[in-house]
Amino acid sequence: MTLLDGKQIAAEIRAELRTQIEAIVATGRRAPKLAIVIVGHNPASETYVANKLKACAEVGICAEKIAFEDSITEAQLLEEVAKLNADNDIDGYIVQLPLPSHINEQTILSAIDYRKDVDGLTPENVGRTVQGLPSIVSATPRGISELLSRYHIATEGKHVVVIGRSNIVGKPMAILLMQRPYLTLPRLSAAAVGNATVTICHSKTSNLKQICLTADIIIVAAGSPALVTADMVREGATVIDVGITRVEDANSPKGYRLAGDVDFDAVAPKCAFITPVPGGVGPMTIVSLLQNTLQAYNKQ
Ligand code: GUN
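The following refers to the structure shown. (Residues numbered from 1 in each chain as written. Predicted model: local features only at pLDDT ≥ 70, side-chain atom pairs only at ≥ 80, totals over all residues. Heavy atoms only, no water.)

## Here we look at the sheet that holds strand E5 (residues 159–163)
Right, so step 1: Reading across the sheet, the 6 strands line up as E1-E11-E8-E7-E5-E6 and stay open at both edges, with parallel pairing between neighbours. The two strands at the open ends of the sheet, each matched to only one other strand, are strand E1 (2–3) and strand E6 (197–201).
Right, so step 2: Bridge count for strand E8 (residues 237–241) against strand E11 (residues 271–274) is 3 bridges, and the pairing is parallel. Across the sheet, Thr238 pairs through a bridge with Phe273, a residue of E11.
Right, so step 3: Its contacts with the sheet put helix H7 (residues 170–178) on E5, E6 and strand E7 (217–220), and the angle it makes with E5 is roughly 170 degrees. (Pairing = 2+ DSSP bridges. Helix = DSSP H or I, 4+ residues; strand = E, 2+ residues; numbered from the N terminus. Contact = heavy atoms within 4.5 Å. Axes fitted to C-alpha atoms, helices over the stretch in contact; angles between N-to-C directions.)

Here it is as structure tokens:
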């Protein structure tokens, strides 16, 4: 069993990005700039945003956090989005999700200029991905693609089971895996992601275990701790765990631990490759945001 070390791969990619951005700045051009909009005080969101800001600083991307209180209205937030769309100094921006319940997330996401949508969540970018046009791909599927590529895990002709149908992970992941390689993502380092046979499973799938047992690769993004158990995974499979649920843990100084969607201890011995939680997909998601920001900058 080989552990897919997202922390290590992400550090390598950050070093590559730093070199590329230094080269840009050395020519006299300004550094790429990312803005991160956060509404309210969701503790998990605050941690993610802090990690994203730190990663930007590490590679030389200028990052600005724009924070609003929960009381901001949808109309006011739309005004802020319009300002960011018009700001020529900002190459890309994200609106950290979730948003408070009085704000319609889809309304906000749809208002983002797709050229600045470095989360790849606008209908325009998703549509472009589906149609195989160059697009900005959402960070987690991009990061998983990069992780598979850098470990030379080919997807061509493989049966990949994606568990979860979210707009942020499951749907775009399935599209990238099934389509011809290189259409939407910039050329990845080694093997291309794509040309797989994909099955998408979700909370209403009735025979999840039987389907998973036919998978060469399982990608689980269900937000359901230990959903994937050893009896669902065949020998030699690759398992990618996107789950990061906070569960109470009195033994942890923080009072919680991060739980993946895979029963790691039981599943890992059966796998050819598996991602840990934390240290697997999470760091790849953050580095993908940096890559997307540089992509948006280079398009300007
Ligand atoms: N919340 C959890 N993951 C993400 C993400 O990738 N982007 C945004 N904007 N919000 C999130």
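After that view, the rundown keeps rolling.
## So, the site of the ligand
Right, so step 1: Surrounding the ligand, one finds Lys52, Val95, Gln96, Leu97, Asp119 and Ile168.
Right, so step 2: Asp119 is positioned with one of its side-chain polar atoms (N or O) 2.5 Å from a nitrogen atom of the ligand.
Right, so step 3: Coverage of the ligand by the protein chains reaches 80% of its 280 Å² of free accessible surface. (Near = heavy atom within 4 Å. Polar contact = N/O pair within 3.5 Å; in protein donor to acceptor, adjacent residues only side chain to side chain. Areas by Shrake-Rupley, 256 points an atom, 1.4 Å probe, with all protein chains shown as cover.)

## Topic: the pairing of E5
Right, so step 1: When you tally the buried positions in E5, you get 5 out of 5 residues, the bulk of the element.
Right, so step 2: Residue alternation in E5 divides its side chains into two sets, His159, Val161 and Ile163 and Val160 and Val162, and both sets are buried.
Right, so step 3: Where E5 meets E6, 5 bridges bridge the pair, whose relative direction is parallel. Across the sheet, residue Ile163 finds its bridge partner in E6, namely Cys201. (Buried < 20%, exposed > 50% of the residue type's maximum accessible area, 1.4 Å probe, protein only.)

## With respect to a nonpolar patch on the surface
Right, so step 1: Together, Tyr48, Ile244 and Leu258 give the surface a local cluster of nonpolar side chains, amounting to about 220 Å² of exposed area.
Right, so step 2: Along the chain, the position of Ile244 falls in the loop between E8 and strand E9 (245–248). (Patch = residues over 30% accessible without salt bridge, like charges linked within 9 Å, V, L, I, M, F, W, Y side chains within 5 Å. Salt bridge = Lys/Arg side-chain N within 4 Å of Asp/Glu carboxyl O.)

Purely spatial values, then, with no claim about function.
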